[in-house]
Amino acid sequence: MKVLTSSEILEKVSDSSIAKANSSVTKLFLLAVLAGAFIAFGAEGSTLASFNLTSNPATVGLGKFVAGMVFPVGLMLVVLCGAELFTGNCMMFAGVADKKIKLSGVFKNWAIVYLGNFVGAMIIVLCIHWSGQLDTGDGLLGAMTVKAAIGKCNLSFGRAFILGVLCNWLVCLAVWMATGADNAAGKILAMWFVIMVFVLSGFEHSVANMYFIPAGILAAQNDAYVNLLSLDTSGLNVYGFVVKNLIPVTLGNIVGGGGFVAMFYWLIHRKA
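Below: a short report on this structure. (Residues numbered from 1 in each chain as written. Predicted model: local features only at pLDDT ≥ 70, side-chain atom pairs only at ≥ 80, totals over all residues. Heavy atoms only, no water.)

Examining the pattern of salt bridges
As a reminder, the rule being used: In what follows, salt bridge is the name for a side-chain nitrogen of Lys or Arg lying within 4 Å of a carboxyl oxygen of Asp or Glu. The way it works is that DSSP assigns letters per residue, a run of H or I at least four long becomes a helix, a run of E at least two long becomes a strand, and they are numbered from the N terminus. Working definition: with a 1.4 Å probe on protein chains only, accessible area under 20% of the residue-type maximum means buried, over 50% means exposed, and in between means partly exposed.
Considering all chains together, one arrives at six salt bridges under this definition. With a shortest N-O distance of 3.2 Å, Glu84 and Lys20 are connected by a salt bridge. With Glu84 in the loop between α4 (73-82) and α5 (86-89) and Lys20 in helix α1 (residues 6-22), this residue pair connects regions lying 64 residues apart in the sequence. Residue Glu84 is classed as buried on the basis of its relative accessible area, which comes to 9%. Through salt bridges with shared partners, a single ionic network connects Glu11, Asp15, Asp98, Lys100 and Arg270.

What about the side chain of Lys20?
Worth spelling out the cut-off: Polar contacts here mean pairs of N or O atoms no more than 3.5 Å apart (in protein, one a potential hydrogen donor and the other a potential acceptor; neighbouring residues in sequence count only if both atoms are side-chain atoms). Here a residue-residue contact requires only that any non-hydrogen atoms of the pair lie within 4.5 Å.
Since its relative accessible area comes to 18%, Lys20 is described here as buried. Engagement of the side chain of Lys20 in a polar contact is seen with the side chain of Asn89, the distance being 3.0 Å. Residues contacting Lys20, with those up to four places away along its chain left out, are Leu28, Glu84, Asn89, Met92 and Asn109.

Re the layout of surface pockets
Note the cut-off: Both cavities and pockets are sets of points on a 1 Å grid over the protein atoms alone; in a cavity a 1.4 Å probe fits but cannot get out, in a pocket the set is open with protein on both sides within 12 Å along at least five of seven lines, and lining residues sit with an atom within 4 Å of a point. Grid points are joined across faces, edges and corners, and a volume is the space filled by probe spheres set on the points. Amino acids outside the nonpolar list (Ala, Val, Leu, Ile, Met, Phe, Trp, Tyr, Cys, Pro) and the charged list (Asp, Glu, Lys, Arg) are all regarded as polar, and Gly is one of them.
Empty space within the largest pocket amounts to approximately 920 Å³. What lines the largest pocket is a set of 33 residues, and nearest its centre among them are Lys64, Ala148, Lys152, Gly202 and Glu204. Listed by contribution, the elements that provide at least two residues to the lining of the largest pocket are α2 (25-54), α3 (60-70), α8 (140-153), α9 (157-180), α10 (184-201) and α11 (206-219). A total of six residues in the lining of the largest pocket trace back to one element, the largest contributor, which is α8. Considering only residue class, the lining of the largest pocket consists of 15 nonpolar, 13 polar and five charged. What the second largest pocket holds in volume is close to 510 Å³. Lining the second largest pocket are 19 residues; nearest its centre among them are Ser16, Lys20, Val79, Val175 and Thr179.

Considering unusual backbone geometry
Across residues other than glycine, the phi torsion is negative in most instances, and most of the peptide bonds are trans. Even without being glycine, Asp138 reaches a positive phi, approximately 55 degrees. Secondary-structure assignment places Asp138 in the loop between α7 (103-131) and α8. Taking the relative accessible area as the measure of exposure, Asp138 reaches 79% and is therefore exposed. Of note, the phi angle at Ser230 is positive, near 50 degrees, even though the residue is not glycine. Residue position: Ser230 is located in the loop between α12 (223-228) and α13 (238-271).

Such coordinate-based values are descriptive only and should not be taken to indicate function.
Structural data, given as structure tokens:
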């Protein structure tokens with residue numbers, strides 16, 4: 001098989017939206033649970049691989065690079081094993097623009113998948129919390145998990161929104177390129193380096209944050225983690241998670257993936 005051109009990828013993405021809009025609630029939800037868990041695996045693995053480096057200001061850049069090398073496994077699992085990820089499904093706008101599905105079908109898919117992604121991510125959050133993994137490095141992993149969550153909950157609405165736009169612009173480009181690749185190795189390489197850039201850059205992914213922030217909220221219950229870095233956890237709560245991070249980041253993700261990828265290429269190949 002040949003590698004697909006951009007216009008052929010658009011057609012494939014547009015066609016895939018039909019099945020996504022018409023899938024049963026049960027199937028969508030279960031596939032979404034898997035996707036949430038897969039992204040959470042990438043998130044916890046990247047944190048574990050890099051926490052010693054990111055805890056030291058002199059090696060933060062190297063730590064982000066290491067995290068970026070590991071995190072892409074989450075999207076690889078979603079694409080190659082088959083799962084439903086909200087951020088990738090932002091490209092369903094292409095199907096709406098082609099009049100293959102209705103906007104109501106997109107919103108139905110998003111609602112089910114978003115909830116399923118959260119459930120899947122929370123399964124991993126609870127398993128990691130109960131496993132004792134956060135005690136790694138004499139509790140430094142737990143402390144860095146709390147610190148990362150605090151940072152995400154203290155973003156302004158505008159900054160969280162922009163970081164969400166930039167994140168899903170890259171994530172959907174990674175999915176876009178993987179769709180055009182004709183073998184597993186090509187799909188992996190297409191995703192790996194693009195996702196690495198998003199992690200390196202500190203952009204915000206709504207589903208990944210369904211792991212990062214709840215993991216930090218639970219870890220903050222352990223005073224040893226909090227005291228290790230003298231952390232202020234006053235803003236680390238459900239309000240900070242949902243209102244200050246998840247809502248603006250989700251809106252940004254929709255614009256980044258649905259607008260700057262799906263609709264840009266639709267305008268280029270359908271209208272230009």
